Every structure is written in C-alpha cells, then in structure tokens.
2 protein chains.
Amino acid sequence: MPDDFERMWRDLEPVGRSAATGGYFRQPWTSPERELHDWFLAQARARDLEVTGDELGNLVAWWRPAGALPASASPGVVTGSHLDSVLDGGAYDGPLGVVSALAAVDLLRARGFVPRRPLGVAVFVEEEGSRFGMPCLGSRYATGALGWRELSGLRDRDGVPLPDAVGAATAEALEAQEQAGPAVRLSRLRDQVGVFVELHVEQGRALVDRNAAVGVGSGIWPHGRWRFEFTGRADHAGTTRMEDRADPMLTFAMTALAANKQARLAGQRATFGRVEAVPNGTNVVPSSVTGWLDARAEDADALATLVEAVRTQAAARAERDGTSLSIAAESHSPAVWFDPRLVERVAAEHEGGDWPVLPTAAGHDAGILAAAGIPSVMLFVRNPTGVSHAPGEHAEVPDCLVGVSALADTLERLASVEATG
Amino acid sequence: MPDDFERMWRDLEPVGRSAATGGYFRQPWTSPERELHDWFLAQARARDLEVTGDELGNLVAWWRPAGALPASASPGVVTGSHLDSVLDGGAYDGPLGVVSALAAVDLLRARGFVPRRPLGVAVFVEEEGSRFGMPCLGSRYATGALGWRELSGLRDRDGVPLPDAVGAATAEALEAQEQAGPAVRLSRLRDQVGVFVELHVEQGRALVDRNAAVGVGSGIWPHGRWRFEFTGRADHAGTTRMEDRADPMLTFAMTALAANKQARLAGQRATFGRVEAVPNGTNVVPSSVTGWLDARAEDADALATLVEAVRTQAAARAERDGTSLSIAAESHSPAVWFDPRLVERVAAEHEGGDWPVLPTAAGHDAGILAAAGIPSVMLFVRNPTGVSHAPGEHAEVPDCLVGVSALADTLERLASVEATG
C-alpha cells in the first residue's frame, strides 16, 4: 500500500511544475490540469471504477461491488478533493486528498472489505479559483449553488471567457444541460453523494503544536473575496505636480495597509495578494488600480465588521486622493459547521485515542457540499512548516500514510451500513 | 500647409488606438509601431528625402539640395521626435514633433527656402521605455550612451528579450555592428547631427498660465527609474495568522505612500505607477512585489535626497514586515541645460515678442542628444488641460500650426548658415 501511494505521488510530481520556482501551475483547462484529469481517469480504469461526472469536468469514480445498489438508488460514501493549484502553489493542496482516496480504496480491498453502499472518489474542478476568480467553482456548480448562466459570464485574467476555456463542444453541452433544467444535471452528482469526506494537507501548524499526524475539521470560517477598484486620472509622472494628481495607487496602498491593521486588531484575516494597475507604466500616474481583498473571520458578524472597516477607510482615503472607489463581492462563503456527530465519530475512530478537532480558515469543496445539505467532514494531515499555497508546502510520507489509513477506517465505517443516519 | 498637417494627423489617428479607452498602444517592435515606421518612410519618399538610420530603427530623412554638402561632411540641422507611446497614451507625445517636422519642411519649400546645410527629420525608437523599461533607448544607442551589449540583455514584461523583439536578422546586424566597433555605427547618426530641435506637446499647464501657444525649453530636470523589489514569503491568505506573515505587499504599499509624501514635502516628483505581485493570486500572500519608482527633481542634489528618503523609509518598513528589499537603478538621466544662446535665439525669433522659456520634468531625446554634446533645444506647444501620457492628452490645431511655423522659422535660421557656431 505505501508503494501505491508513493508511486501515484511520483506520477504527479512533474506535472505543471515550474523549473524556476519549484511551484505548481495547474490552472483549470490548461494542459497540466488536463493531464491530471486524464491521469485520474486512467487510475479509475486500472481499479475498475466506473466514472460518472458532469459536463464541467467534476468526476466521481465509483466502486460498486456486485449486488450493491447504484448511487442513484442509494446515495454513496464519497471522498476526494481537487487537482488544480493556486499560481505557483504546492504539491499537496488538493492532490493529497485525491491520491489518498485512491490509496484508501486499495487499502480497503487489501483488507478484503466490501462496501454495502457505493463508494466514490471525487475530483472537483477549479477549487482554488486561480483562473476565474471563483473558488470551489466545480463543487458550487455540482451542488447547484451556481448555474451555467453565472459561470458562462466569467473571464480569466487574460479576458478569456469560461465557455472558450472549456471548449466549444463542452460549452454547448453545458448550455443544453442548462436548457434541460438544473434538476437533470444535479441528479447526476449531488443526489448521489450521501456523505462526503475530504482529506487535505493542513494549512497551518495546529497539528504540529498538538503533536498529531492527523486532525479532524470541525468547520470552515466564513470568508469571501471583494474586488476594490480605485479610479483616478492618468497623467505624466514627471510633469504633473503632486498636488494636481488623482493617483489611485495611493488609495490602494493605504487600503492594503488598513486591511492588514484591522485584521490584526480583530484577530481575523485580511489580505490584498493581487493587484493590477492600468496602464501599469513606470512614467504614468495610473488611471486605475484594482486590488482583491481576501477576508476571513471566526463568524459572520466579525467578517462583516472587518470588511466594513476596510471599506470605510478606503472610501475616506479616496476622497482625500480625489479618486473614486467601487467594490464588488466576487464570492462569499458563509460559515460551515461540519456534522457534529460525524466529526465525533471520525475523531474517535483510531487506536491512539481521539484525533484533535479544529476549524480552518481555508475554503474547501467539503464546505460547499456541507452547505448544500450533504453531511461532510474533513481530515487534515500534519504540515511541518504550516506553509501552504506556496512551493514550500509539504507533508511527510509517514504522516500521509497515517492519513490514508485514517481515511480508509472512516470510509469502512461509513460504507458498512446502507444509510448514514 | 495646414492641409498637409491635418492630413498627416488623420493618417496617424487610428494606428494603435484602443477602442475601449481611446488611448494609444504603440509599443516598439509591435505592429502599430511598425506601421508608423513604414508611414514615415512613405512620407520621406513622397518628399524626396533620403533616409539614413541605424540597425535599431532610428531614422533620419534628409533634405539635401543639390550642391549642399552631405551630413557626413557638414553636420546637419535635425528636427524630429518619436512615434512610440506609453501604454494607453495620448496622440501627441512624440508624433506631434514628427508631423510638425515634416510640415515645417513643406512650409520651408513653399517659402522657396533652400538650406545651405543638410536638414533632417528624425524618428527615435522606444523613447518612452514602455516596453523595455529604458526611456530614450533609441537616442541613447544612437549617441553611444548605451551599446548593443547592454541593450541585448533587456527583456520586456512578458520576458521577450530585445534581440527577439527586433527580429533575428536585425539582431545579427546589430551584433555585427558591435563587433565592428561603435565608431562605425556612431558616425552614421551622431556625427551627422550638428544641432537638434525637438518640438513636443507641453506636458503641463505652464503655457496656458502664460497665455502662449508656444514655449522654448531651457532644460530637463534630472530624473530616473528605480526598481524596488520587496521579497517576503508566500503563504495561504486564510490559514496563516497575520503575525506569522512576511507580506511584501505591505512594504510596497507603505513605500508608495512615503514616496508621494516626500515628493510633496520637497516640491519634487515621485511616482509608483507600475507594480507587479508574484504570484498575484487573491488567496495567496505574495512571495514578492516589485514597484517602479519614477523620481524627478529640480537638481541632482534634490533628486538624490528624495530617492534616499524613499529608500530609508522602505528599508525601515521592510524590517518591520520581515521582508527584504533590493533596489536597482534602471535608468538615470542627469540634469540637462539646453545651449543658452540657442534657447535665446529660438525664443526671440517671432513677431509677437519672445516665447516663454521654461524647464520640463519630462525626459526627451533632445536631452540625450544635448548630453552627448550636440547643441539642442525644444519647442513646446500649448496643452489646454496639461494632461499627458493619457488618452486625454490634447493640443488645438491652431496652436499646432503656430508650432509648425515657429519650428520652420528656427530651422530656416539654423540652416541658412554652413555652421551653427
């Protein structure tokens, strides 16, 4: 079994890796990500798993032993994650959950286990939102939180519309599906998932502090993305007197500092990690600067207070700079609490005692499925440095194997009965 | 004559213009700029002007009447400017000087004037530095301030090396020229220019305040570009606690605000108009942020003091943020004072009295030629709004025609004698 895990891990290692940084560029509907998609289909075939999915590219590979009811009749136990990455991301965020899911299937078969319900391994597309700005795009579509109407209007940072990115034939199929009504599409995935378990590399150092290889997620902080567009007046950087300018770079700069300060004071999180100036020339005062705020907090009130504080300070500075400000909410994910009984069962289910239970400030497909009413839970694997969304993201192989074993135990328990209750 | 000016102006109007903004994108060695290059060659042919130039693409179209000495024997009177633009720039910065030069030749011929020295119309490449980050790239090469060795290492923002941008055949020719020694190349242009006059749209409102259609440049403020690279540590924007971060966006933001404040206090100019974050993802703390400082001041000491103040504040904030800072000077242009006798002659040369004389904070090819020891001077045409390097840049046709006439008068005076003295 360890061999299977490490062999699959080696398969994935070179795909989409930058020689310059060692980080990964696996943006959806680009060739590295399509290569991973094909790799997953080959893994499913090699294990005799039957693949279903939707036109957008979300996939579930089903293990349905003879005699077991199909997922359409008896919703299955599903595990999995995603294969896309942030720009210049790490190897583990996403792929660890998919590889561990396949390895858990191998381990259960080696144990001679036979599920009494369908057992699926899922891959969701565009979890990171690194290309179209919408995190968990695939799982939102699969659960009906977003429809093709909304998706078809999205563009990537080069201006490529999503329908062009997925290809004309796929876009036509998605359009036809939309015409047929969402019920038809959703029945293929959402209604087949009775319970969802996502294994993920931890994105902080809580498990290091607790000296545990594995932990269980209790929930996800509410979070969202807001696009702040500051508009000023383009001018010559040499000849225009400082007092005659309306420079949106200044308004952006003060807003980025204010967001950091507000989050520090409140014990929450706020980040401007992305900025785009227009025309972005050295000798030109910009006509506009756009910054994207990523904000997260322990509850909905704290998040609303944080975003409002940033907005207020940005507006005040815009008035001083002679610039204008418009804010658009690009995505918003309310707080998610995983099913408490499920969390307790998963945490208690191992020899060494209870796994630690912890919330996370990161969004995940499991959060989208939970919000859609599907009982869901997460397993985290220890990250020695806590670094994530960066080339240095890491987990040790022995910890990963404990993760596979914990996932197999969880799936075995859930798939031994016909309904989750 | 007015017809000629307006006809040429209409030729240029659509080339490289963005339908979205109305601004111009005429970056060197892109198709709109090459189209302007070809247009200039056609204009020269239509006027029976003989074109010389260098491999990089700097051009001079010579009016050499029968009996006049060639420029290689008797350095000529040259006027002109450039045809490239900043990103999303205006129509006038550059092209007004080229079109006015051609219109001045037409006007002199209509007057029956015959020059006693060669009279040239010049176009320099990449004056704005909008693509390779080096302003006045063409005139620096033509005067020997920069050689092919330095140029061949430059890359544009997409990473395209300059030798690839100019094309393989041109790059080979430039390399061969370099091998032959700079003397051969320079003799073609620098040594042929005895005096240089550049007409340019004003980039401020000094002529509006003085109620004058035309003014004469006395000199150019010292100025330069410094690349500030702030390096931090990429991390997950949700899961990494604020106090555990090393976020270079904060250091950049504070530096942009500090530059503005220092320039305001000192009465000088400092701008961060260009910024690039890596990886520039919404849910990632950046690993690095690079900002470009454009700084200008009335004298060298004031400029050094300004840049040093920005550097000191950036370094102090980097320490606080746990980031590191490296600064590279990308270009530096010392103060230029145009030949005072030439300035006086040009300013006095019209019926209504003296044209106003004023310095400028903008760099120009005339400044590079002056620094290379060529007597040079500039004429400015009134800009009603003062807006420049932006789609709204403008000059009224009657003012442009006064500019053509002032330029023709100046050229007539300079080309009536065999040497400028």
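Engineer: I keep staring at the domain arrangement of chain A and nothing clicks. Help me out?
Structural biologist: By a widely used convention, the size of an interface equals the accessible area lost when the partners come together. All names here are of chain A. Each domain of chain A was delimited in the assignment, giving domain 1 (2–221 + 335–414) and domain 2 (223–333). Domain 1 and domain 2 are separated by 33 Å when their C-alpha centres are compared. Listed per partner, the contact involves 13 residues of domain 1 and 14 residues of domain 2. Regarding the contact of domain 1 and domain 2, the summed buried area is about 1100 Å², with carbon and sulfur atoms giving 46% of it. Its largest share of buried area at the contact with domain 2, domain 1 owes to Arg157, Trp221 and Ala361, together 51% of the area lost on that side. For the interface between domain 1 and domain 2, the tally reads zero salt bridges.

Engineer: Help me understand the relation of the copies chain A and chain B in this model?
Structural biologist: What relates the two chain copies is a rotation about an axis together with a slide along it. With an RMSD of 0.1 Å, the fit of chain A onto chain B corresponds to turning through 180° and sliding 0.1 Å along the axis. In symmetry terms, the pair is related by a two-fold rotation axis. Minimal C-alpha separation from the rotation axis in chain A is found for alanine 253 of chain A, amounting to 2.1 Å. Both copies share a contact surface, since 98% of the interface residues of chain A are interface residues in chain B too.

Engineer: Mind showing me how you'd approach the packing of aromatic side chains here?
Structural biologist: Between two aromatic rings, the relevant description is the distance of the centres plus the angle of the planes. In this structure the tally under the stated criterion is 18 aromatic pairs over all chains. With centroids separated by 6.5 Å and ring planes inclined at 85°, the aromatic side chains of tryptophan 63 of chain A and phenylalanine 113 of chain A adopt a geometry described as edge-to-face. Placement of the pair is tryptophan 63 of chain A in strand 3 (residues 59–63) and phenylalanine 113 of chain A in the loop between helix 3 (95–110) and strand 6 (119–124), with a sequence separation of 50 residues. Residue classification places tryptophan 63 of chain A among the buried residues on the basis of a relative accessible area of 9%. Classification of phenylalanine 113 of chain A as buried rests on a relative accessible area of 12%. Ring geometry for phenylalanine 230 of chain B against phenylalanine 252 of chain B: centres 6.4 Å apart, planes inclined by 65°, an arrangement best described as edge-to-face. Placement of phenylalanine 230 of chain B in strand 9 (residues 223–231) and of phenylalanine 252 of chain B in helix 10 (residues 248–266) is noted, with a sequence separation of 22 residues between them. Overall, the relative accessible area of 0% leaves phenylalanine 252 of chain B in the buried class. An aromatic cluster of three or more residues is present, and its members are Phe228, Phe230, Phe252 and Phe272 of chain A. The cationic tip of arginine 109 of chain A hangs over the ring face of tryptophan 63 of chain A; the distance from NZ or CZ to the ring centre is 4.7 Å.

Parameters at a glance
- Residues numbered from 1 in each chain as written.
- Chains lettered and ligands numbered in written order.
- Predicted model: local features only at pLDDT ≥ 70, side-chain atom pairs only at ≥ 80, totals over all residues.
- Heavy atoms only, no water.
- Domains from an automatic or database assignment.
- Contact = heavy atoms within 4.5 Å.
- Buried area = accessible area lost by both parts, 1.4 Å probe.
- Salt bridge = Lys/Arg side-chain N within 4 Å of Asp/Glu carboxyl O.
- Least-squares fit on C-alpha atoms with pLDDT ≥ 70 in both.
- Phe/Tyr/Trp six-rings, centres within 6.5 Å; stacked < 30°, edge-to-face > 60°.
- Helix = DSSP H or I, 4+ residues; strand = E, 2+ residues; numbered from the N terminus.
- Buried < 20%, exposed > 50% of the residue type's maximum accessible area, 1.4 Å probe, protein only.
- Lys NZ or Arg CZ within 6 Å of the ring centre and 35° of its normal.

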